Amino acid sequence: MSDSLFADASKRLERAMKYISISEDALEYLKYPKSSLIVSIPVRMDNGALRIFPGYRVRYDDTRGPGKGGVRYHPNVSLDEVTSLAFWMTFKCAVLDLPFGGAKGGVTVNPKELSKLELERLTRGYIEAIADFIGPDIDIPAPDVYTNPMVMGWMMDQYNIIKRSLNPAVVTGKPITLGGSVGRNTATGTGAYFTIETLMRKFDRQPHETTVAVQGFGNAGAVVAELLAKTGYKVVAVSDSKGGIYAKKGLDIPSIRHYKESNKGIQAIYCEDSVCNIVEHEIISNEELLALEVDLLIPAALENQITAANVKDIKAKYIFEVANGPISADADADLEARGIYVVPDILVNAGGVTVSYFEWVQNRSGLYWSVEEVNQRLQQKMIKETEKIWQLAEEFDIPMRTAAYVHGLNRLGEALSAKGTRDYYVNG
Ligand code: NAD
């Protein structure tokens, strides 16, 4: 794996360039983030001490519309990581044909060590620091790892205080009562489910004969696990940051999810319980989960989980990337050579930003949709773009990841060229 996550992310773009004719200018633009903001956020802790947390917001490209992307609270957040995530958002929005560019934000913090009040002060401080960099027509934050609707509600409220006006469309993933969309909280997992179902039908795979392992039983992973289990897939393993469980006969996913959710209360808004103490099972590590002999492997936690170091251990037939960047570029060739079919993050987890887009549309129109309407529109979009990428992969005989980049690049190239290319200026 390369030292820089962004350098690693860029390799996928280079590979896709071979299959598309795009202006040199457009490619040059896409090699660099448009703007990057680094801030220091002072937070008064409950014990009176002052702590300063580093925060970031990167707008990678906004040719197709305002920047769009989540905010991550995690101890490993860095400018390099946020830039890579903003780069992926640029392609994801293009792949789903959303009128947005790509952006991302983050704060280097372990939110589990903060009280709820400290977390609120940190969130308001972050918005204070980036308020001039975001806006409903500039850049619209959303939830990501360890941020949730409550955090988004604080963000909107702080932005409104600063601007002295009501701006629900400044962030998405808000609580429903503050202008959030129904279906947003489950959108990433639901969108991933539509993509998995569309492709499994092409491979003639029946749910009851398909085993699944999900790494990361959070917002995205738990929803996709439950939907697959309800359809008859045998979900045999799940994990969280503390470890995983495996049951050959399949796990009772709804009760694991219920357990996780019902035990949140005392530990502020973060679930401190591990899935390890619930059902009859074998306890496994996250490394062991990744190496299980299953049909579908769904990494839904963090980036760089499958790298050159452990790629030889992977035995799954299909990998659906629900997390962003769970496979490093140096593992691609090995997976491909062994016929392991990888469906990339910029398609699989795009349901979240798609319903974020629906939320932004509803906030701006003032007309709110039913959950059926949201899910139906989400289903249409996910299936349509999955089919298009599948066709590109078949036509050029390329992996789904490269096909997804080609698909996004086509749309981005068209938009960038519409602003004027070298040919236009030099050749008249
Ligand atoms: P989350 O915080 O709700 O859940 C993350 C889960 O991963 C938690 O259960 C945590 O315990 C677990 N985890 C953390 N480190 C782990 C490790 N080393 N091994 C195994 N599990 C670990 O976050 P989320 O919103 O579900 O996001 C998960 C991934 O999906 C991220 O890569 C995120 O960028 C991506 N994603 C999320 C959304 C969304 O709308 N939530 C949208 C697009 C992409």
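For clarity, every value in this text was computed on a predicted model and none was experimentally measured. (Residues numbered from 1 in each chain as written. Predicted model: local features only at pLDDT ≥ 70, side-chain atom pairs only at ≥ 80, totals over all residues. Heavy atoms only, no water.)

With 13 residues, helix 1 (residues 5–17) ought to run about 18 Å at 1.5 Å a step, and its terminal C-alpha atoms sit 19 Å apart, in line with that. For helix 1, the full list of buried residues reads Leu 5, Phe 6, Asp 8, Ala 9, Ser 10, Arg 12, Leu 13 and Ala 16. Taken together, the buried residues of helix 1 touch helix 2 (24–30), strand 2 (50–61), helix 3 (79–95), helix 10 (329–337) and helix 14 (400–418). Of the residues that open helix 1, the one with a side-chain oxygen 3.1 Å from the backbone nitrogen of Phe 6 is Ser 4. (Helix = DSSP H or I, 4+ residues; strand = E, 2+ residues; numbered from the N terminus. Expected span 1.5 Å × (residues − 1). Buried < 20%, exposed > 50% of the residue type's maximum accessible area, 1.4 Å probe, protein only. Contact = heavy atoms within 4.5 Å. Polar contact = N/O pair within 3.5 Å; in protein donor to acceptor, adjacent residues only side chain to side chain.)

All right, on to the site of the ligand then. In the region of the ligand, 23 residues are neighbours, and Asp 144, Thr 188, Asn 219, Ala 220 and Asn 324 sit closest. Note that an oxygen atom of the ligand is positioned 3.3 Å from one of the backbone N or O atoms of Tyr 146. The separation between an oxygen atom of the ligand and a polar side-chain atom of Arg 184 is 3.3 Å. In isolation the ligand has 820 Å² of accessible area, and contact with the protein removes 88% of it. For the shell around the ligand, the elements supplying multiple residues, two or more each, are helix 7 (219–231) and strand 7 (234–240). Residue composition of the shell around the ligand, by class: nine nonpolar, 10 polar and four charged. The residues that make up the shell around the ligand include at least three from each of domain 1 (33–178) and domain 2 (187–348). (Near = heavy atom within 4 Å. Areas by Shrake-Rupley, 256 points an atom, 1.4 Å probe, with all protein chains shown as cover. Nonpolar A, V, L, I, M, F, W, Y, C, P; charged D, E, K, R; others polar. Domains from an automatic or database assignment.)

On to the sheet that holds strand 5 (residues 139–143), then. Here we have five strands laid out as an open sheet, ordered 1-2-4-3-5, and mixed in their pairing. The sheet terminates laterally at strand 1 (35–44) and strand 5, the two strands that pair on one side only. Taking the axes of each pair of neighbouring strands and ignoring which way they run, one obtains an average angle of 25° across the sheet. Direction of pairing for strand 3 (residues 67–74) relative to strand 5: parallel, over a ladder of five bridges. Paired with Gly 67 across the two strands is Asp 139, which belongs to strand 5. (Pairing = 2+ DSSP bridges. Axes fitted to C-alpha atoms, helices over the stretch in contact; angles between N-to-C directions.)

Formed by 85 residues in total, the largest nonpolar core has its most connected members in Phe 87, Ile 196, Leu 228, Val 238, Ile 298 and Phe 320. Among the elements that make up this core, the one with the highest residue count is helix 3 (10 residues). When we break this core down by domain, the ones giving at least three residues each are domain 1 (33–178) and domain 2 (187–348). Every residue in contact with Ile 298, bar those within four places of it in the chain, is listed here: Ile 196, Val 212, Ala 213, Val 214, Gln 215, Val 224, Leu 228, Phe 320 and Val 322. With 26 residues, the next largest nonpolar core counts Met 45, Tyr 73, Tyr 126 and Ala 131 among its residues. (Core = buried A, V, L, I, M, F, W, Y, C linked by side-chain atoms within 4.5 Å.)

Overall, the coordinates contain 17 aromatic pairs when judged by the stated rule. Taking the centre distance of 5.9 Å and the plane angle of 55° together, the rings of Phe 6 and Tyr 60 count as tilted. Remark: Tyr 60 occurs in strand 2 and Phe 6 occurs in helix 1; sequence separation between them is 54 residues. Taking the relative accessible area as the measure of exposure, Tyr 60 reaches 1% and is therefore buried. Here Tyr 357 and Trp 360 contribute two aromatic rings whose centre-to-centre distance is 6.4 Å and whose plane-to-plane angle is 35°, an arrangement assigned as tilted. Pair noted here: Tyr 357 and Trp 360 are both in helix 12 (residues 351–365), with a separation of three residues, about one helical turn. Taken together, the ring pairs connect Phe 6, Tyr 60, Phe 87, Phe 91 and Tyr 405 into an aromatic cluster. Over the ring of Phe 133 we find Arg 59; its NZ or CZ atom is 4.7 Å from the centre of that ring. Above the ring of Trp 369, the side-chain terminus of Arg 377 is found at 4.2 Å from the ring centroid. (Phe/Tyr/Trp six-rings, centres within 6.5 Å; stacked < 30°, edge-to-face > 60°. Lys NZ or Arg CZ within 6 Å of the ring centre and 35° of its normal.)

Next up on the list: the packing of helix 6 (residues 187–202) against helix 7. At their nearest, the axes of helix 6 and helix 7 sit 7 Å apart, and the two run at 45° to each other. With respect to their mutual orientation, helix 6 and helix 7 come out oblique. Note on packing geometry: the crossing formed by helix 6 with helix 7 is right-handed. For the pair helix 6 and helix 7, the contacting residues are Thr 188, Gly 189, Thr 190, Ala 192, Tyr 193, Ile 196 and Glu 197 in the first and Ala 220, Val 223, Val 224, Leu 227, Leu 228 and Thr 231 in the second. Partitioning the contact of helix 6 with helix 7 into residue classes produces eight nonpolar, four polar and one charged. (Parallel < 35°, antiparallel > 145°, perpendicular 65-115°, else oblique. Left-handed = near helix turned anticlockwise from the far one by under 90°.)

What follows deals with the sheet that holds strand 12 (residues 341–343). Two orientations exist for strands paired in a sheet by backbone hydrogen bonds: parallel and antiparallel. The mixed open sheet is built from seven strands, whose spatial order is 9-8-7-6-10-11-12. The strands lining the two open edges of the sheet, one partner per strand, are strand 9 (282–284) and strand 12. Averaged over neighbouring strand pairs, the angle between their axes works out to 20° when direction is ignored. As judged from the five bridges shared by strand 6 (residues 211–215) and strand 7, these two strands associate in the parallel manner. When the sheet's bridge partners are listed, Val 214 is paired in strand 7 with Val 238.

Of note, Asp 345 is situated in helix 11 (residues 345–348). The exposure class of Asp 345 is buried, given its relative accessible area of 2%. Taking the C-alpha atoms as reference, Asp 345 lies 8.2 Å from Pro 326; in sequence the two are 19 residues apart. In this view, Asp 345 contacts Trp 88, Lys 92, Glu 321, Ala 323, Asn 324, Gly 325, Pro 326, Ala 350 and Arg 401; residues no more than four positions away in its chain are not counted.

Glancing now at the pairing of strand 4 (residues 101–108). Judged by how many residues are buried, strand 4 sits mostly within the fold: seven of eight residues are covered. Examined bridge by bridge, strand 2 and strand 4 share six bridges and lie antiparallel to one another. Paired with Tyr 56 across the two strands is Gly 106, which belongs to strand 4. For strand 3 and strand 4, the ladder comprises six bridges, and the chain directions are parallel. In the sheet register, His 74 faces strand 4, and the bridge partner there is Thr 108. Remark: the strand 3/helix 3/strand 4 crossover connection has right-handed handedness. (Right-handed = clockwise from strand over helix to strand, strands pointing away.)

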